[in-house]
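# Structural characterization, general
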Amino acid sequence: MVANTELDAVDLRGKHPRLVLVELTQLDGGLWRLAAPGVEECVFEEPSEENVENSYRLLDIRVTGLDCGEEPAKWISAFLGDNLRLVKHFCGDLPRRSPRPKYQKIYPATIGADCVPAYADVTPYMLTTQPSLDDLNTKLPAAVEMEHRTFRPNFVIGGPDLTAWQEDGWTGEIRIGEAVFSYNKPCTRCIATKVNPMTGTLYEDQEPLQTLKTYRQHNRSHTLIRRIVGDSPLFGMHYSLVSGGRVRKG
C-alpha cells in the first residue's frame, strides 16, 4: 500500500494514476523490488515485524501496517511526484481490518469478517470472463479496446461454452483448480478503470465506464444498492477463499 505523510492511503483514483505502472516483486532473502518504466529499480529489505505498526485510513476503514523505510519512500515519491511512503501488511492469512461498512449493509448475507483482504477495497479475489470483455469491446467506440488488465482481476475465465455475463449467476461456491471460493458480491466499477494500465493516463471519453453504464447497472428496483453505489456499473465478481489449493493456467 502507498500512503501519504498524513497516514492516508492513496491509489490511482486520486491524483496518482501513474501508480498503475509500478511493479512490486518479492525476491529471495527478504528483499523486494520496485520497478516502473523509465526509472532505475529500487531493491529494499522487508521491514521487520518487530517495528512499530502505524494506523492508516483506507477509504472508510482503518488498517495497520509497517513502513518500508526511506529507500522505497524516496523512490515512490520521486516517481509519483509527492511525499509518499510504502507500507507492508503483516505476514499471515488473517487481515487486521474490518469489512467496509457500506458493503456489509448492502450484502449482509455474503460480506462478513471472514472475507476481507489486507489492503484491497472489498474482497481478496475478483474474476472476470473473456466473453464478457469481448461483449464490452463490441460496444466501445472504435478507437478504444479494453484488456482484462484494466479491470485488475485475479482470475480470467474462458471456455467454448461460456457466454457473456454468465458469471452474474455464479452466486454460490465455485471451484477453480483445486481451490474453492465463495461469492461475496458483484464488482461495481469505479473511476480507477478509466486509467490505461499501459500508460498511466486516462482513456478518452470516460471509457469504459461511459459504455458500461448504458447496460451494466443494478436494476433501479434495488433501491438500497442504487442509493449506496449510485450508477457505478458492474464488471466482474468478488469472492473469498473457502479452501486453498493449486490453480493452474489453462
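Quick caveat, the model's predicted, so the values are computed rather than measured. (Residues numbered from 1 in each chain as written. Predicted model: local features only at pLDDT ≥ 70, side-chain atom pairs only at ≥ 80, totals over all residues. Heavy atoms only, no water.)

### Some points on the overall build of the protein chain
When you go through the protein chain residue by residue, the secondary structure sums to five helices and 13 strands. Taking 2.2 N^0.38 as the reference for a compact globule, 250 residues should give roughly 18 Å; the C-alpha atoms of the protein chain span a radius of gyration of 19 Å, in line with that estimate. With the model as given, the accessible surface of the protein chain reaches about 13,600 Å², and the carbon-plus-sulfur share is 49%. Charge centroids of the protein chain, computed over 29 positive and 33 negative side chains, lie 6 Å from each other. (Helix = DSSP H or I, 4+ residues; strand = E, 2+ residues; numbered from the N terminus. Rg over C-alpha atoms; globule rule 2.2 N^0.38 Å. Areas by Shrake-Rupley, 256 points an atom, 1.4 Å probe, with all protein chains shown as cover. Lys, Arg positive; Asp, Glu negative; His and termini not counted. Charge placed at Lys NZ, Arg CZ, Asp CG, Glu CD.)

### Some points on helix 1 (residues 70–80)
For helix 1, the complete set of buried residues consists of Pro-72, Ala-73, Trp-75, Ile-76, Ser-77, Phe-79 and Leu-80. Residues of helix 1 that are buried in the fold lie against strand 1 (2–4), strand 4 (31–35), strand 5 (42–45) and strand 8 (84–88). After helix 1 finishes, the residue Gly-81 shows a positive phi value of roughly 70 degrees. (Buried < 20%, exposed > 50% of the residue type's maximum accessible area, 1.4 Å probe, protein only. Contact = heavy atoms within 4.5 Å.)

### Side note on the sheet that holds strand 2 (residues 9–10)
Spatial ordering of the open sheet is given by 2-1-8-7-6, a layout of five strands whose pairing is antiparallel. The outermost strands of the open sheet, each flanked by one partner alone, are strand 2 and strand 6 (54–58). Judged from the three bridges that link them, strand 1 and strand 8 form a sheet pairing that is antiparallel. Note on strand 8: the bridge partner recorded for Ala-3 is Arg-85. (Pairing = 2+ DSSP bridges.)

By themselves, these are just geometric observations and shouldn't be taken as functional.
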